[in-house]
Amino acid sequence: MATAKSFNGLAVLADYPEASFTAPGWKVVYGRSRAVCVILEAWARRWHEEVEPIATSHRDNWFKPRERRSKTKSGAFDLIGIHAYRPPGTTVGTGDQSNRRSGSAIDINGHLHPYEATHNGPYSDGFTQAERDRVRAIADSARDAEGRSIGRSGLDFARGKRDGMHLEIAPGSTTAQITQAAAAFEEEIGRSSTAAVWFRNAFGHDVARFQQFLADGGFAVGTVDGKAGRNTIAAVEAFQTARGLEVDGRVGPDTRGAAGLDGALIAGGVDLPDPGPTDAAAQGLEGPIVQTDEE
């Protein structure tokens, strides 16, 4: 039996992939591979900085998220910030042919930018023209070694199916092209696209947990904020020196193992600072987001 494929030609995944990253807003997002996660994280950060803030997540969501449903635990409306992998059997949008089924696409701020096919009445994607230009440029920023773009924005889908919140690995992209595009983003996001290693510029729950470990051990890490800046990397190097490890400022299996944190989940265990205001606060809609299967 042939392996099922999503629209971009990549094999669909039967369950959540192992690779993940923390997006702005502190939500853990799952992608098909480390290389794809590097690309999706770079896109998410650029969206957050250049287009609009990604709606904040909450530590109650530090589990594998299912489909989005905009409800708090009390049943009130809330905002969904970002999501990528879609488990099998969902019928929303293009269902099991969606590129999110292959863990190779991401949706951002869907509460602001609706999918045209599910929208009643006159359609608006919720962007200004300048924002549309930035979204397209973000998708186009993923390029292989020959300079060919391997990203696509849902803004450019066929009329009737436009999906402004959506970014994806473009149809026909090869594994080699994805690997090349991811490598070009590594220094920007501070993570290896081939191994479980983070370094300067990394962001996420795993960074915050290691910062807390360093701070508890008396290393001058600065603020425990989940961001690997100059102070954090200097503290990593001091820890590596103290334990007789290779001093490279990179937190991989050896350094995590020496800290007794090898194999730890990406999420949990550290109180993180407020990521800052989003349009959710302006609407009085802040609150924990519940992720369940979409009906």
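First, a word on what this report is: a plain description of the structure on this page. (Residues numbered from 1 in each chain as written. Predicted model: local features only at pLDDT ≥ 70, side-chain atom pairs only at ≥ 80, totals over all residues. Heavy atoms only, no water.)

### Comments concerning helix α5 (residues 230-242)
With 13 residues, α5 should cover 18 Å at 1.5 Å per step; its first-to-last C-alpha distance of 18 Å lies within 8% of that length. Where α5 is concerned, the buried positions are Thr232, Ile233, Ala235, Val236, Phe239 and Gln240. Here the buried residues of α5 occupy an arc of 160 degrees about the axis, which is enough to place them on one side. More than 90 degrees from the buried face of α5, the exposed residues found are Arg230, Thr241 and Ala242. Buried residues along α5 sit against α4 (205-216) and α6 (253-258). The positive-phi residue at the C-terminal boundary of α5 is glycine 244, with phi of around 70 degrees. (Helix = DSSP H or I, 4+ residues; strand = E, 2+ residues; numbered from the N terminus. Expected span 1.5 Å × (residues − 1). Buried < 20%, exposed > 50% of the residue type's maximum accessible area, 1.4 Å probe, protein only. Arc of directions from axis to C-beta. Contact = heavy atoms within 4.5 Å.)

### Here's the deal with the pairing of strand β4 (residues 105-108)
Neither face of β4 is open: one carries Ala105 and Asp107, the other Ile106 and Ile108, and all of them are buried. Bridge count between strand β3 (residues 82-83) and β4: two bridges; the pairing is antiparallel. Counterpart to isoleucine 82 in the pairing with β4 is isoleucine 108. Here three bridges tie β4 to strand β6 (residues 166-169), and the two strands are oriented antiparallel to one another. In the strand pairing of β6, alanine 105 is matched with glutamate 168. (Pairing = 2+ DSSP bridges.)

### Topic: the sheet that holds β4
Taking strand neighbours across the sheet as the criterion, the four strands line up as β3-β4-β6-β5 in an open arrangement whose pairing is antiparallel. Only two strands of the sheet have a single partner each, and these edge strands are β3 and β5 (151-153). Pairing geometry for β5 and β6, over three bridges, is antiparallel. Looking across to β6, one finds that glycine 151 is bridged to isoleucine 169.

### Observations concerning the packing of aromatic side chains
A full pass over the atoms with the stated rule returns nine aromatic pairs. Aromatic side chains tryptophan 47 and phenylalanine 127 sit 5.9 Å apart centroid to centroid with 65 degrees between the ring planes, which places their arrangement in the edge-to-face category. With tryptophan 47 in helix α1 (residues 34-50) and phenylalanine 127 in the loop between β4 and α2 (129-140), the pair connects residues that are 80 residues apart, well separated along the chain. By relative accessible area, which is 7% here, phenylalanine 127 ends up buried. Between phenylalanine 213 and phenylalanine 239, the ring centres sit 5.3 Å apart and the planes meet at 90 degrees, which makes this aromatic pair edge-to-face. (Phe/Tyr/Trp six-rings, centres within 6.5 Å; stacked < 30°, edge-to-face > 60°.)

### Points about the side chain of aspartate 125
Looking at the element boundaries, aspartate 125 is found in the loop between β4 and α2. You can call aspartate 125 buried: its relative accessible area is 11%. At a separation of 2.9 Å, a polar atom in the side chain of aspartate 125 contacts the main-chain amide nitrogen of phenylalanine 127. A polar atom in the side chain of aspartate 125 sits 2.8 Å from the side chain of arginine 132. What aspartate 125 contacts, discounting residues up to four positions off in sequence, is Leu112, His113, Pro114, Arg132 and Leu155. (Polar contact = N/O pair within 3.5 Å; in protein donor to acceptor, adjacent residues only side chain to side chain.)

### A short note on the nonpolar core
Counting residues in each nonpolar core, the largest one holds 35 residues, and the members touching the most others are Ile39, Trp43, Trp47, Ile106 and Leu167. Breaking this core down by element, the ones donating at least two residues are α1, β4, α2, β6 and α3 (175-189). With 10 residues, α1 is the largest single contributor of residues to this core. Filtering out sequence-adjacent residues up to four positions away, isoleucine 106 remains in contact with Phe21, Val29, Leu40, Trp43, Ile82, His83, Ala84, Arg100, Met165, His166 and Leu167. Counting 14 residues, the second-largest nonpolar core is a separate cluster that includes Ala228, Ala235, Phe239 and Val251. (Core = buried A, V, L, I, M, F, W, Y, C linked by side-chain atoms within 4.5 Å.)

Honestly, that's just the spatial picture; any functional story needs more than this.
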